[in-house]
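Remarks on the overall topology
One letter stands for each residue in the lines below.
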Amino acid sequence: MIRYSCDLCKRDLDREEDLRYVVKMEVYAAFDPASVGGEDDDRDHLEEIQDILERLDDSTDDQIGDDVYQQLRFDLCPECRKRFIKNPLGRETAKAFGFSSN
Ligand SMILES: [Zn+2]
């Protein structure tokens, strides 16, 4: 049987008693055609992105993928989900979550 634990507080999640929340994040390089030289024709950039996306499909090429595109997935317990929603990027208030200096 698969056991899940919260990725933030590490506590085990009981399948029957605890709700489990899944957080999925996508982090990818933003392409702004206007800032990449002054060509009127932005078809090249679209092709470039297509190229990258095609390469991403090819799972043997992980290294390039990490730079350009990363997908993260976390399991959270209900309490950590609340904290996460309030502060998704873990800014200053992170201390209040008890992450102090470990
Ligand atoms: Zn938790």
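Note that the structure is a prediction, hence the values are computed from the model and not measured. (Residues numbered from 1 in each chain as written. Predicted model: local features only at pLDDT ≥ 70, side-chain atom pairs only at ≥ 80, totals over all residues. Heavy atoms only, no water.)

Describing the overall build of the protein chain
- Counting its secondary structure elements, the protein chain contains 3 helices and 4 strands.
- A burial count over the protein chain gives 12% of its 102 residues as buried.
- Within the protein chain, counting contacts between residues at least 6 apart in sequence, those at least 24 apart form 62% of the total.
- Per element, the accessible surface of the protein chain, about 8,600 Å² overall, is 47% carbon and sulfur. (Helix = DSSP H or I, 4+ residues; strand = E, 2+ residues; numbered from the N terminus. Buried < 20%, exposed > 50% of the residue type's maximum accessible area, 1.4 Å probe, protein only. Contact = heavy atoms within 4.5 Å. Areas by Shrake-Rupley, 256 points an atom, 1.4 Å probe, with all protein chains shown as cover.)

Points about unusual backbone geometry
- Positioned with a positive phi, Lys-10 is a non-glycine residue whose angle comes to about 70°.
- By relative accessible area, Lys-10 is classed as exposed at 58%.

Things to note about the pattern of salt bridges
- Inspection of the entire model under this criterion finds 5 salt bridges.
- For Asp-12, the salt bridge is made with Arg-3, and the minimal N-O distance between the two is 3.8 Å.
- The exposure class assigned to Arg-3 is exposed, which follows from its relative accessible area of 53%.
- The salt bridge partner of Arg-20 is Asp-75, with a shortest N-O separation of 3.0 Å. Taken together, the residues Arg-20 in the loop between strand E2 (12–13) and strand E3 (21–28) and Asp-75 in strand E4 (residues 69–76) connect sequence positions 55 residues apart.
- Judged by its relative accessible area of 30%, Arg-20 is partly exposed.
- Since its relative accessible area comes to 8%, Asp-75 is described here as buried.
- Put simply, Arg-11, Asp-18 and Glu-79 are held in one network by salt bridges that share partners. (Salt bridge = Lys/Arg side-chain N within 4 Å of Asp/Glu carboxyl O.)

Here we look at the coordination of the zinc ion
- At this site the zinc ion is bound by Cys-6 (SG), Cys-9 (SG), Cys-77 (SG) and Cys-80 (SG), with donor distances of 2.2 to 2.3 Å.
- Metal-centred angles of 103 to 117° between the 4 donor atoms at the zinc ion mark the site as tetrahedral.
- Written as a sequence motif, the donor residues of the zinc ion are C-x2-C-x67-C-x2-C. Of this pair, Cys-9 sits in the loop between strand E1 (4–5) and E2 while Cys-77 is found in the loop between E4 and helix H3 (78–86), placing the two residues 68 residues apart along the sequence.
- Using a relative accessible area of 1% as the deciding quantity, one classes Cys-77 as buried. (Donors = N, O, S within 2.8 Å, 3.2 Å for Na, K, Ca; no water. Tetrahedral: all angles 85-135°; square planar, octahedral: opposite > 155°, others 65-115°.)

A short note on the packing of aromatic side chains
- What the rule picks out here adds up to 1 aromatic pair.
- Residues Tyr-28 and Tyr-69 carry aromatic rings whose centres are separated by 6.2 Å and whose planes lie at 20° to one another, so their mutual orientation is stacked. Separated by 41 residues along the polypeptide, Tyr-28 in strand E3 and Tyr-69 in strand E4 bring together distant segments of the chain.
- Its end group placed over the ring of Tyr-4, Arg-20 keeps NZ or CZ at 3.5 Å from the ring centre.
- Lying over the aromatic face of Tyr-21, Arg-81 brings its terminal NZ or CZ to 5.0 Å of the ring centre. (Phe/Tyr/Trp six-rings, centres within 6.5 Å; stacked < 30°, edge-to-face > 60°. Lys NZ or Arg CZ within 6 Å of the ring centre and 35° of its normal.)

These figures come from the coordinates and say nothing about function on their own.
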